[in-house]
Amino acid sequence: MEFITAGANPDEMPFMPAIVTKGGTAIWLSGATAFPLVHKHPHDPAELAVPSGVAAQTRACLNNLKTALEAAGGKVTDIVEVTIYNTEMDAQDEVNEAYMEFFGDHRPTRTHLGVNRLVGAELKIEISAHAVLESA
């Protein structure tokens, strides 16, 4: 993978402007919320308790993505693109703090969208991602 900074200081930004991949295996990760990754359908409210804060929900979403990615044979540093759906855009600094804590020095490309509502009324964040496992 080649990370394109376009002149940005990667230590100050939660994302890369661009990433170039060559070959490899692509993994598309479904959107994850703070709900447990595996849960009943139709939903059972008893198993769907979520943290109330945006930062805590962001951490839960990212951990759910990590679980799915590892089950597919990948790791967090294989993620090249993230899309965040956020019902509280005024709290995007809290999202960025949790996001940067999770990714460390790794900075995938990113789109961060404000939305009116997610699948559960108490949900504030949903995150989907794409990963590329580099060829051996």
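Scroll up a little and you will see the structure.
Below is a summary of the structure that appears in this document. (Residues numbered from 1 in each chain as written. Predicted model: local features only at pLDDT ≥ 70, side-chain atom pairs only at ≥ 80, totals over all residues. Heavy atoms only, no water.)

1. A word on the sheet that holds strand β3 (residues 25–32)
In step 1: Across the sheet, which stays open at both edges, the four strands sit in the order β3-β6-β4-β5 with mixed pairing between neighbours. Looking at strand neighbours, the two that pair on one side only are β3 and β5 (109–114), the edges of this open sheet. When strand polarity is set aside, the average angle formed by the axes of neighbouring strands in this sheet is 10 degrees.
In step 2: Pairing analysis gives six bridges linking strand β4 (residues 79–86) to β5, with the strands arranged parallel. Paired with Asn86 across the strands is Gly114, a residue of β5.
In step 3: Contacts from helix α1 (residues 54–71) reach β3, β4 and β6 (125–133) within the one sheet, and its direction differs from that of β6 by about 35 degrees.
In step 4: Those strands touched by helix α2 (residues 92–103) are β4, β5 and β6, and its axis lies near 155 degrees from that of β4. (Pairing = 2+ DSSP bridges. Helix = DSSP H or I, 4+ residues; strand = E, 2+ residues; numbered from the N terminus. Axes fitted to C-alpha atoms, helices over the stretch in contact; angles between N-to-C directions. Contact = heavy atoms within 4.5 Å.)

2. A look at the nonpolar core
In step 1: Ranked by size, the top nonpolar core spans 21 residues in total, and within it Leu65, Ile79, Val82, Ile84, Phe103, Ile125 and Ile127 carry the most contacts.
In step 2: Ignoring anything within four residues of it in the chain, the contact list for Val82 reads Tyr99, Phe103, Pro108, Thr109, Arg110, Thr111, Ile127, Ser128 and Ala129.
In step 3: In terms of nonpolar packing, the next biggest core, distinct from the first, is built from seven residues, Leu48, Val50, Ala60 and Leu118 among them. (Core = buried A, V, L, I, M, F, W, Y, C linked by side-chain atoms within 4.5 Å. Buried < 20%, exposed > 50% of the residue type's maximum accessible area, 1.4 Å probe, protein only.)

3. Describing the packing of α1 against α2
Each pair of packed helices gets described by two things: the angle between the helix axes and the distance between those axes.
In step 1: It is the contact of α1 with α2, at a shortest axis distance of 8 Å, that shows an interaxial angle of 35 degrees. For the element pair α1 and α2, the recorded crossing hand is right-handed. Between α1 and α2, the contacting residues are Val54, Ala55, Thr58, Arg59, Leu62, Asn63 and Lys66 on the first element and Glu94, Val95, Ala98, Tyr99, Glu101, Phe102 and Phe103 on the second.
In step 2: Within the contact of α1 with α2, the residues separate by chemical class into eight nonpolar, two polar and four charged. (Left-handed = near helix turned anticlockwise from the far one by under 90°. Nonpolar A, V, L, I, M, F, W, Y, C, P; charged D, E, K, R; others polar.)

4. What about the side chain of Thr83?
In step 1: By the secondary structure assignment, Thr83 is in strand β4.
In step 2: When residues no more than four places from it in sequence are discounted, the contact partners of Thr83 are Thr111, Leu113, Glu126, Ile127 and Ser128.

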